[in-house]
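So you can see what is in the structure, the chains are spelled out below.
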Amino acid sequence: MSTSNFVKVTVLGFFILNFIAGCSTKNFKKTPLDNYIVENSSEEEFSVILEDMDVEGTFFNTYMHKYRVIKHREDDMPFEEVSDWVEVDEKFFTKHEDNLGMVILEKQGQGKISKAASPPGYRYVGDDRYGEWRTHNGITFWGFYGRYMFMNQMFGMINRPVYRQDYDTYRGGGYYGKRNYYGPKKGNGQLYGTNSQQTRKEKPNFFRRRASKSGWSSSRNRSGSRSRSTGFGK
C-alpha cells in the first residue's frame, strides 16, 4: 500500500470511529439518578427511594417519578427530602415499575454506589450505630435505639419489621448491591415493592390513579409547570 493510500485509509478510519462514538453519545441519556450522583458527589452517603410514579398524556405519554431522599446531618442524624415530579424516559420508567417504595439508588462509605433495588432502611439494619438485633419468643428482629426510633416510621418498619433471617438472605444471597431484593414471599405477593400489600395500604392514591385510566391516569393535583430538572430537595 502506498503512503498516500495509507493516509486515506487512516483518515477514513478516524472519521468512522468518531461517527460511531458520536452516535453512542447521542443514544446515551442520563437518568435523574445519574444526575443526582454528579450533583451530590460531595455527599458521603445517601439513599433515594422511589416515592411515586405517574403517566400523563392522551396521545403521547409523559413518564414521571417522585423521589424521597435520605441524607445525613453533620451529627449523622438521617433526614428526608421529597423531590418535585421529575420527567423520565419510558425505558427508565418501565425498569422501575415494580420498585415503588424501594431504594433505587444508594451511596455508602468510600463512594460505593448501588442501583439495585432494596427495601427502605436496609442500609441501617445491622449497623450498631443505629440499633441492634433483638430476640422475642425465639424470633430475632432489628430494633433502632431510642434516638433513632423515628426511623421505624421513616422506613415503614412498624408494620413490616426486618427479621434476621430475611436480612441474612439479602446480604449473603447475592442480592446486596447486585440484584433487586423484594424480601420473602408473602402469600401470592412480595413483602416490598409495588406489588406488596403494604405498599397498597401506604400509597392508595397511586393505585387509584393507575387504575382510573387503563392502568394509569393523566390527572394529578399539582401546581406549577412540569419539572424537567432533577427536582431533588425542592
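See above for the structure.
Since we're looking at a predicted model, the values are computed, not measured.

**Focus on the side chain of lysine 71**
Inspection of the secondary structure puts lysine 71 in strand β2 (residues 62–72). The buried category is assigned to lysine 71, whose relative accessible area is 12%. Ignoring sequence-local partners within four residues, the contact set of lysine 71 consists of Tyr36, Asn40, Glu43, Met77, Pro78, Phe79 and Glu81.

**Quick look at the layout of surface pockets**
There is about 390 Å³ of room inside the largest pocket. What lines the largest pocket is a set of 27 residues, among which Glu51, Arg68, Met154, Glu202 and Lys203 lie closest to the centre. Mapped onto the lining of the largest pocket, the elements with two or more residues apiece are β1 (46–56), β2, α4 (150–154), α6 (197–202) and α7 (204–212). In terms of residue class, the lining of the largest pocket is built from 11 nonpolar, nine polar and seven charged.

**A look at helix α5 (residues 164–172)**
Turning to α5, its buried residues are Asp166, Tyr167 and Tyr170. Buried residues along α5 cover an arc of 95 degrees about the axis, so they all sit on one side. Exposed side of α5, more than 90 degrees from the buried face: Gln165 and Gly172 are the residues found there. The inward-facing, buried residues of α5 contact β7 (131–136). Phi for glycine 174, located one or two positions after α5, is positive at around 80 degrees.

**Description of unusual backbone geometry**
One non-glycine residue with positive phi stands out, namely aspartate 76, at about 75 degrees. Even without glycine at this site, asparagine 137 takes up a positive phi of about 55 degrees. Positionally, asparagine 137 belongs in the loop between β7 and β8 (139–144).

**As for the pattern of salt bridges**
Applying the stated criterion to the full structure yields 14 salt bridges. The partner of aspartate 34 in a salt bridge is lysine 115, with the nearest N and O atoms 2.6 Å apart. Linking aspartate 34 in helix α2 (residues 32–39) with lysine 115 in the loop between β6 (113–114) and β7, this pair joins segments that are 81 residues apart in sequence. Given a relative accessible area of 16%, aspartate 34 falls into the buried group. Where aspartate 54 meets arginine 209, a salt bridge forms, and the shortest distance between an N and an O atom there is 3.4 Å. With aspartate 54 in strand β1 and arginine 209 in helix α7, the pair connects residues that are 155 residues apart, well separated along the chain.

**As for the nonpolar core**
Tyr122, Tyr124, Phe144, Met151, Phe155 and Val162 are the most contacted members of the largest nonpolar core, which totals 25 residues. Where this core is concerned, the elements lending two or more residues are β8, α4 and α5. Aside from chain neighbours lying at most four places away, what touches phenylalanine 144 is Tyr124, Tyr130, Gly131, Arg134, Met149, Met151, Asn152 and Met157. Counting 19 residues, the second-largest nonpolar core is a separate cluster that includes Leu33, Leu50, Val88 and Leu105.

What counts and what doesn't
- Residues numbered from 1 in each chain as written.
- Predicted model: local features only at pLDDT ≥ 70, side-chain atom pairs only at ≥ 80, totals over all residues.
- Heavy atoms only, no water.
- Helix = DSSP H or I, 4+ residues; strand = E, 2+ residues; numbered from the N terminus.
- Buried < 20%, exposed > 50% of the residue type's maximum accessible area, 1.4 Å probe, protein only.
- Contact = heavy atoms within 4.5 Å.
- 1 Å grid on protein atoms, 1.4 Å probe; cavity = no way out; pocket = protein on both sides within 12 Å on 5 of 7 lines; lining within 4 Å.
- Points joined across faces, edges and corners; volume = space filled by probe spheres on them.
- Nonpolar A, V, L, I, M, F, W, Y, C, P; charged D, E, K, R; others polar.
- Arc of directions from axis to C-beta.
- Salt bridge = Lys/Arg side-chain N within 4 Å of Asp/Glu carboxyl O.
- Core = buried A, V, L, I, M, F, W, Y, C linked by side-chain atoms within 4.5 Å.

By themselves these figures say nothing about function.
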